[in-house]
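Below are the chains, spelled out letter by letter.
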Amino acid sequence: QVQLVESGGGLVQAGGSLRLSCAASGRTSSDYHMAWFRQGPGKRDFVSAITRTGTKLYADSVKGRFTISRDNAKNTLYLQMNSLKPEDTAVYYCAVTASIVDLTSMFTYRTWGQGTQVTVSS
């Protein structure tokens, strides 16, 4: 079983940048596909995913602004967020899965971190 801990959230002005990290422990993260989701007042939405082999997926709302990456040697997942907008405000969660059925669906993932708050002021 793997455990996930997110960090790097905070308060930033619109147009600014943040880098989120997700440290995995318990099992090597290279066994899993990994993803970022976010949750505002509504449901938990897909942000980005990266497969074991490095293929990357992005939600349309973050394409060109966010970059997902992973360092398997450090068992860490990253999300570089640039040109942040107030609508990016949410709690950001990382998640892992061994399944590749639908990496954009939250129901594919069984292991989640506790979340980190990102607030973008206008």
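One structure accompanies this document, and this report is about it.

Parameters and conventions
Residues numbered from 1 in each chain as written. Predicted model: local features only at pLDDT ≥ 70, side-chain atom pairs only at ≥ 80, totals over all residues. Heavy atoms only, no water. Buried < 20%, exposed > 50% of the residue type's maximum accessible area, 1.4 Å probe, protein only. Helix = DSSP H or I, 4+ residues; strand = E, 2+ residues; numbered from the N terminus. Pairing = 2+ DSSP bridges. Core = buried A, V, L, I, M, F, W, Y, C linked by side-chain atoms within 4.5 Å. Contact = heavy atoms within 4.5 Å.

**Let's talk about the pairing of strand E11 (residues 116-121)**
Consecutive residues of a regular strand have side chains that alternate between opposite faces of the sheet.
Thinking step 1. Burial along E11 is one-sided: Thr116, Val118 and Val120 are buried, while Gln117, Thr119 and Ser121, pointing the other way, are not.
Thinking step 2. Bridge count between strand E2 (residues 10-13) and E11: four bridges; the pairing is parallel. Across the sheet, the residue bridging to Leu11 is Thr119, located in E11.
Thinking step 3. Here strand E9 (residues 90-97) runs beside E11; their pairing, made up of three bridges, is antiparallel. Across the sheet, Ala90 pairs through a bridge with Val118, a residue of E11.

**Remarks on unusual backbone geometry**
Thinking step 1. A positive phi angle, near 55 degrees, is found at Asn75, a position not held by glycine.
Thinking step 2. Tracing the backbone through its elements, the reader meets Asn75 in the loop between strand E7 (66-71) and strand E8 (76-81).
Thinking step 3. Judged by its relative accessible area of 18%, Asn75 is buried.
Thinking step 4. Here Ser83, not a glycine, exhibits a phi torsion of approximately 50 degrees, which is positive.
Thinking step 5. Relative to the helices and strands, Ser83 is located in the loop between E8 and E9.
Thinking step 6. Classification of Ser83 as partly exposed rests on a relative accessible area of 42%.

**Here we look at the nonpolar core**
Thinking step 1. Judged by nonpolar contacts, the single largest core of 33 residues is most densely connected at Trp36, Phe66, Leu77, Leu79, Met81 and Tyr92.
Thinking step 2. Elements with a contribution of two residues or more to this core: strand E3 (18-25), strand E4 (33-39), strand E5 (44-50), E7, E8, E9 and E11.
Thinking step 3. Element by element, the count of residues in this core is highest for E9, at five residues.
Thinking step 4. With sequence-adjacent residues up to four places away left out, Phe66 is seen in contact with Arg38, Val47, Tyr58, Leu79, Gln80, Met81, Asn82, Leu84, Asp88 and Tyr92.

It is worth stressing that arrangement in space is one thing and function is another; only the former is reported here.
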